[in-house]
Structures are given as structure tokens and as C-alpha cells.
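One-letter residues, chain by chain:
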Amino acid sequence: MNFAFSDEQEAFRAEIRRFLAERSPMADVRRAMEGPDGFDASLWQSMAQELGLPGIAIAEAHDGQGFGPLELGIVQEEMGRALVCAPFFSTACLATPALVHVGNEADHAKWLPRIAAGECTATLAWLEPERGWGLDEVALAAQPEGDAFVLEGQKRFAVDGVTADLVLVVARAGDGLGLFAVESGATGLKREALAPLDATRRYADLELDGVRAVAIGEPGAAQPCLERALSEAATQLSLECLGGAQACLDMAVAYAKQRVQFARPIASFQAIKHKCADMLLELECARAAAYWAAWACSENDAELLRAASLAKSLTSETYMLCAAGNIQIHGGIGVTHEADPSLFYKRARASEELLGGPAWHRARIAADLGI
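The rules we used
- Every chain begins its residue count from 1, and numbering advances along the sequence as written.
- In keeping with the model being predicted, local features are shown solely for residues with a pLDDT of at least 70 and side-chain atom pairs are shown and tallied solely at 80 or more, while totals for entire chains, interfaces and linings include all residues.
- Working from all heavy atoms in the structure, the side-chain values ignore hydrogens and water.
- Only protein chains enter the accessibility calculation, which uses a 1.4 Å probe; a residue whose area is less than 20% of its type maximum is buried, one above 50% is exposed, and one in between is partly exposed.
- Elements are defined by DSSP. Helices are runs of H or I of four residues or more, strands are runs of E of two residues or more, and each kind is numbered from the N terminus.
- At least two bridges found by DSSP between two strands is the condition for calling them paired.
- Centres within 6.5 Å make a pair out of two Phe, Tyr or Trp rings, where for Trp the six-membered ring is used; the pair is then stacked when the planes are under 30 degrees apart, edge-to-face when over 60, and tilted otherwise.
- When the NZ atom of lysine or the CZ atom of arginine is within 6 Å of a ring's centre and also within 35 degrees of its normal, the charge is said to sit over that ring.
- Side-chain atoms alone can form a polar contact between residues adjacent in sequence; in general such a contact is a pair of N or O atoms within 3.5 Å, and within protein one must be able to donate a hydrogen while the other accepts it.
- Whether two residues touch is decided by their heavy atoms; if any such pair falls within 4.5 Å, the residues are in contact.
- Residue count minus one, scaled by 1.5 Å, sets the expected span of a helix.
- Within this document, salt bridges are pairs made up of a side-chain nitrogen of Lys or Arg and a carboxyl oxygen of Asp or Glu, the two lying within 4 Å of each other.

Right, let's get into the pairing of strand E1 (residues 122-125). Residue alternation in E1 divides its side chains into two sets, Ala122 and Leu124 and Thr123 and Ala125, and both sets are buried. Across four bridges, E1 lies against strand E4 (residues 166-173) in parallel orientation. Bridging from a neighbouring strand, Ala122 pairs with Leu166 of E4.

Structure, rendered in C-alpha cells:
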């Protein structure tokens, strides 16, 4: 069995890398992360109109590109490599799979074409104060009221939660979980931007004070579909971490070749060689896990949960190792805000905990195995 990417997929990767190099160099990343919204709206529109990226994994029937998790993963890997500031992960990797798996045809027809066109950014909110990342820990209840539902409670660390046009809220409905659509102007929705460790990705706490929401799909029957959607999101985040880790290794090697100490490039020193070799070894192991998870997503494989958790735990740890190694090879300058290695390190640290840290995912694998 051949697990390599096809020629068409590699050409697609090359086009994404070229686009991001031209339209989102590090100077533009810094400008975007310091802006009020945390991203460049014109870049987002270019992604949608020129390449159709928000709809990469949306069916053609809903104006999307009709590709799958592998192609979406290629985009995520390249965005992680370029440290792009955009609501892509929240919209295409969190909200869209939830809509696709939980929603019915009417829900798809209402929201997916707008997302594919770049007209609607979205996010998924399920984490609550003092609770973990698992769906079983969701406590916020949706109370039926006429043809809608009323939401009362709080959600934490919603990715791009302040700027999202659509917030998909996970809440209890009867004996199960439901998914509920809340539009940005809804009465009673309060969104508080959090002071970020990683300024390249924004988070928000949400307060829902009697917010009226519309159910997506069947209220109370969403948990299995949401579990799949979150496994897909963890897989896509692992591919983003993989791209970031590769960028850190490339940056470290390039700097070591041009930095001279004692009349020699520091790349010639054994300690530097060993550090780069260790980073490369961990990176290749993580790559295998991430690509396996992407394949499991595309094939709807029964081991998707385990593959996604393995990939998330390995790639996030590898990203941290490569980001720290990059700073160490750069020396003191590497940790300063003005130096790019520090931005990658902060993204690595934040991504390590997003959707659950390595220990949480390993516990998830053990529970699935019955250990």
C-alpha cells in the first residue's frame, strides 16, 4: 500500500507554500497579530476567493472544493510552517466538521456555502470553566423555548471566539448533547478576549446570558458525531504542529550554518549537530503519526480516535522540542520578541494544550483500549 502523497497533492502543497510565502511573510504575520482582530481580513478573502481554502473540505454541492482531510491537512501543515494569522483552524477544522457531521441537509445548505465563500467565520465552543476537554464534561444545558433553545452559562478558550460570525455551542439537551448555532449579534452573548501567550492565535471566554440558539441536527444525539469532529480537529492541529516543528528545524539549521564562532560555523560543532539530529528524529516519528491520523480521517477508519490522539500528543511534544531547540541554537537573541523563534515557541506552547495536552490524549487512548 502506497501512503505517499500523489503528484497532484504535492503540486497543491507547492501552490499553498508559494501563496503563503508571497502573501503572509513573517513581517505581515507580525502586523496581523498586533491588529485589533488578530488577522488580516484581506488575506482571508484572498484565501477564499483565489484558492477556495475555507471550503477545501466542503462538498461541491455546497460550493466547496470537494476535497478531504488529506488536502485539508496539507493546508494546515503549510499554515503551521508559515505561522499564518487567520481564522482558518477555527472555521475549517473545528466548526466545519461539526456542521458536516452533526447537521442535516438544511443546516448544510444554510451555513456551508457562506463558509466556503469566506463570508462567514465560525468556531466551536465546548470547554467550560473548571472542566476538561472531554465532551462528557459539558454541563451547560439548552432549554427548549418554542422553536429555539435558550443557553445559559459559560464557555472557555473559544478559538477566534471574539471575531467569529458563527459560534457553535455544545450543550446538554435532554439525556444527550446537542450543537447549537449562535450568531455574532445574538442578544445575551458576551465575548471577552483573553490576553494571549500566543498572539498569532486569539482565544475568548464566552458568557451566554439567556441566548436564543437554533439546534444543528437532532438535539440530544450529537455526541458520536462531535467525537468524530473533534478527532478530525485534533488530527488537523497535529499537522499544523508538524509544519511548525519543521519550520523550527529549518530555521535552526540555516542559522547554525551562517553563525560563526571561533572562526567556524557553529553547525560544525558536535553539540549542535546532535541537537539538530535529535530534532529531525523526533520530527520524522511525529510525521508518521500525523499522516496516519490524516489517512484514518480520510478512510473513516475505526482507529481514528486512537490515531488522532497519538498524533496530537506526539506532534505537540515534538513542536515544543524543536521550538526550544531552535531558541537554544539561536542563543539569547532567539527568546526576544523581535526574533521569529520566540513566536514559534509561543505557538508551540499554546498548541500543546489546545484540544487537550499530551497526557490527556494518552489517557484517552488508554480508556479506548480499556486499560
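Before going further, it helps to examine the packing of aromatic side chains. Taken as a whole and assessed by the stated rule, the structure comprises five aromatic pairs. Centroid distance Phe5 to Tyr291: 5.1 Å. Interplanar angle 85 degrees. Geometry classified as edge-to-face. Of this pair, Phe5 sits in the segment before helix H1 (7-23) while Tyr291 sits in helix H8 (residues 270-299), and the two are 286 residues apart along the sequence. In this structure, Arg13 packs its charged tip against the face of Phe5, placed 5.2 Å from the ring centre.

This next bit is on the pairing of strand E3 (residues 148-159). Strand direction decides the pairing type here: strand E2 (residues 142-145) and E3, joined by four bridges, are antiparallel. By the bridge assignment for E3, Ala142 is matched with Leu151. Joining the antiparallel neighbours E2 and E3 is a turn of two residues, in which Gly146 adopts a positive phi near 65 degrees. As defined by bridge partners, E3 adjoins strand E7 (residues 203-216) across nine bridges and the pair is classed as antiparallel. Bridging across to E7, Ala158 finds its partner in Ala204.

Our next topic: the side chain of Gln76. On the secondary structure map, Gln76 appears in helix H4 (residues 69-82). In this structure the side chain of Gln76 is engaged in a polar contact, spanning 3.3 Å, whose partner is the side chain of Glu240. Those residues in contact with Gln76 that lie beyond four places of it in its chain are Phe88, Phe89, Cys93, Gln236, Leu237, Leu239 and Glu240.

With 14 residues, H4 extends 20 Å between its outermost C-alpha atoms, agreeing within 8% with the 20 Å of an ideal straight helix rising 1.5 Å per residue. Extensive coverage of H4 is indicated by the burial of 12 of its 14 residues. Of the residues making up H4, those classed as buried are Pro69, Glu71, Leu72, Gly73, Ile74, Val75, Gln76, Glu77, Glu78, Met79, Gly80 and Ala82. Downstream of H4 by one or two residues, Leu83 has phi in the positive range, about 55 degrees.

In this structure, Phe157 takes a positive phi of about 50 degrees despite not being glycine. Along the chain, the position of Phe157 falls in strand E3. Phe157 gets classed as partly exposed once you look at its relative accessible area, which sits at 33%. With phi around 55 degrees, Phe262 is a residue other than glycine that occupies positive phi space. Counting through the fold element by element, Phe262 comes out in the loop between strand E8 (260-261) and strand E9 (264-265).

Inspection of every chain in the model, using the stated rule, returns 27 salt bridges. For Glu353, the salt bridge goes to Arg349, with nearest N and O atoms at 3.5 Å. Residue Glu353 and its partner Arg349 are located together in helix H10 (residues 340-353), separated by four residues, close to a single helical turn. Residue Glu353 is classed as partly exposed on the basis of its relative accessible area, which comes to 38%. On the basis of relative accessibility, which here comes to 33%, the residue Arg349 falls in the partly exposed class. Residues joined in a network through salt bridges with shared partners are Glu10, Arg13, Arg17, Glu77, Glu78, Glu284 and Arg287.

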